[in-house]
Amino acid sequence: MNYLKLKHMLSVKINFINSNVREFVDSSALIPKIRDKSVSRIEFSDKTVLDTFSVSFHETKNTRTDVSSFMKYHMSKLILTFLLFIGTASYAQKVMTAQEISTFKQRVKAVAQKTKTIGSDFDQYKHMEFLSNDIKTSGKMLFKSPNLVKWSYTSPFQYSVIFKEDKLLINDEGKKSDVNVGSNQLFKKLNQLIVKSISGDMFDDAEFTMNFSKNAEAYIVTFNSKDEELKKYIKQFVLHFDTQKHTVVEVRMIEPSDDYTQIVFKNRKENQVIKDEVFRN
Amino acid sequence: MRFLGISFIVIILLTSCTVASTKDFVVVENTVEKYKNPYFADSSKDYVYKANFEVYGRTFGGLLIIKKLATEHHRIVFATEFGSKMMDMELINDVFTINFIADDLNKKIVINTLKKDFKILLQEEIRFDKTYQNTEATIFQLVDNKRFNYYYVSKKNQQLVRILHASKSKEKIIFNFESKDGKMAENIIIDHKNIKLKIKLKRID
């Protein structure tokens with residue numbers, strides 16, 4: 001089998017996969033690399049949440065490449081890899097249609113409008129590429145409409161922060177302090193985002209471009225920051241919504257370096273009485 | 001002539017001064033050439049600390065994450081409890097690279113202070129110049145460009161319990177360590193004597 005045939009086959013396969021994946025690696029840019037490299041393995045990694053489609057070439061020590069020998073030895077493996085990927089593609093993200101987006105937005109807004117309070121446990125995972133393990137912290141989040149939020153970390157340390165008007169009320173293992181963030185526009189923006197992301201009402205925000213997709217478990221909305229200041233810290237917010245309840249089940253804040261913070265909500269309870277005193281330090 | 005006299009007095013005063021905490025030191029013979037700082041030395045471990053900074057009466061906190069990437073190569077990240085990165089830097093031998101720093105922290109004095117602290121904290125191999133002893137510890141002295149780093153190794157359990165960074169006459173920074181096994185520091189206090197800055201680090205699992 002010659003190079004052109006291989007190119008054609010790969011293009012067909014990749015384009016087929018592409019129909020299931022929103023972010024697409026340009027196949028024409030991908031193929032010529034095979035001519036120059038001895039490819040031992042091609043991996044398609046389906047990172048559902050990050051929604052990226054990565055292809056990695058593992059170079060062998062043999063620098064001279066023979067495409068036909070590559071084909072003989074690796075085509076079956078390659079097809080198997082593709083099949084496996086296609087097998088999992090049903091769990092991968094699909095782009096939502098305009099109609100689906102419109103219905104989804106309406107439902108989220110309707111739920112958000114009815115939500116006066118939220119109490120939810122959460123696990124937070126800080127992922128950094130160089131770490132062996134994500135850093136896990138856990139706690140409870142309380143929200144009271146229109147804009148009171150308290151995050152209490154209980155494990156592995158005691159720390160709580162209340163967002164109140166232009167202030168942050170912090171209780172750091174018993175040490176209480178107030179931080180005035182009135183002049184800090186960036187912080188204000190982050191706070192607004194947090195409030196909006198919890199209530200799920202952030203589709204009118206002109207400061208983001210949005211992408212909507214879905215998988216078997218969730219609707220996934222990706223918010224790309226337009227604001228240059230904010231982009232320095234967080235380039236993208238990814239919110240996962242429960243497909244039945246239309247509430248936020250996961251928030252992922254992705255930094256320009258692709259390191260991220262993931263917050264997964266569980267045991268969410270809505271509209272239970274939360275007294276205002278809870279939001280005092 | 002009068003000026004010369006004053007100068008002499010000043011010089012005599014300066015040279016006769018020693019750091020108070022080194023006064024009970026007795027010089028002993030070097031039995032080994034180098035000492036290895038055991039903390040932050042294991043590249044398979046993530047060193048994660050809850051950090052608390054006390055600066056001129058104000059306090060703020062966050063997470064300090066340190067990872068050894070190779071010999072004399074560490075990554076140091078400071079993030080808020082929420083996970084937002086405030087500072088991300090790398091130290092390779094003596095050279096710092098800042099990958100990211102939040103605008104609020106991007107000040108020369110902050111960067112230089114942290115650079116100095118981390119350089120001392122993370123230096124793995126210490127080719128010391130002198131060995132001392134007092135009643136509690138064996139102390140290795142490293143001369144570092146007109147400054148001295150004293151590494152206190154407890155006689156009781158052979159653990160590194162303190163690093164003192166000093167000039168000839170003044171204590172500048174004291175690093176106190178608490179460890180269960182001598183390999184992982186559970187608590188670290190970095191106490192600056194020339195500025196009002198105290199950094200408390202408490203390890204989290």
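Rules used in this analysis
Residues numbered from 1 in each chain as written. Chains lettered and ligands numbered in written order. Predicted model: local features only at pLDDT ≥ 70, side-chain atom pairs only at ≥ 80, totals over all residues. Heavy atoms only, no water. Phe/Tyr/Trp six-rings, centres within 6.5 Å; stacked < 30°, edge-to-face > 60°. Helix = DSSP H or I, 4+ residues; strand = E, 2+ residues; numbered from the N terminus. Buried < 20%, exposed > 50% of the residue type's maximum accessible area, 1.4 Å probe, protein only. Contact = heavy atoms within 4.5 Å. Buried area = accessible area lost by both parts, 1.4 Å probe. Salt bridge = Lys/Arg side-chain N within 4 Å of Asp/Glu carboxyl O.

K.L.:
So what exactly am I meant to see when it comes to the packing of aromatic side chains here?
P.N.:
Any pair of aromatic rings gets described here by the distance separating the centres and the angle formed by the planes. All names here are of chain A. For the structure shown, the criterion picks out 31 aromatic pairs over all chains. Residues Phe 203 and Phe 241 carry aromatic rings whose centres are separated by 6.1 Å and whose planes lie at 40° to one another, so their mutual orientation is tilted. Highlighted residues: Phe 203 in the loop between helix H6 (185–199) and strand E10 (208–214) and Phe 241 in strand E12 (residues 236–242), separated in sequence by 38 residues. Among the residues examined, Phe 203 registers a relative accessible area of 6% and is labelled buried.

K.L.:
Explain unusual backbone geometry to me, please; I cannot follow it from the model alone.
P.N.:
Most of the time, phi is negative for any residue but glycine, and the peptide bond is trans. At the junction of A:Ser145 and A:Pro146, the peptide bond is cis and its omega measures out at 5° in the coordinates. Relative to the elements of secondary structure, A:Pro146 occurs in the loop between strand E5 (135–144) and strand E6 (148–155). Put simply, A:Ser155 and A:Pro156 share a cis peptide bond, and its omega is 0°. Position of A:Pro156 among the secondary structure elements: in the loop between E6 and strand E7 (159–164). For A:Asp258, which is not glycine, the phi torsion reads 80° and is therefore positive. The topology assignment puts A:Asp258 in the loop between strand E13 (248–254) and strand E14 (260–270). The phi dihedral of B:Glu72 falls on the positive side, at around 50°, and the residue is not glycine. The residue B:Glu72 is located in the loop between strand E4 (58–70) and strand E5 (73–79) in this model.

K.L.:
How should I be thinking about the interface of chain A and chain B in this particular structure?
P.N.:
Size of an interface, as often reported, equals the accessible area lost when the parts are brought together. Taken together, the contact pairs 27 residues of chain A with 25 residues of chain B. Summing both partners gives a buried area of about 2300 Å² for chain A against chain B, and 57% of it is carried by carbon and sulfur. The three residues of chain A that bury the most area against chain B are A:Phe130, A:Phe157 and A:Tyr233, which together make up 25% of that side's buried surface. With a shortest N-O distance of 3.7 Å, A:Glu129 and B:Arg75 are connected by a salt bridge. Among the secondary structure elements, those contributing two or more residues to the side of chain A that touches chain B are strand E4 (117–127), E6, E7 and helix H7 (228–233) of chain A.

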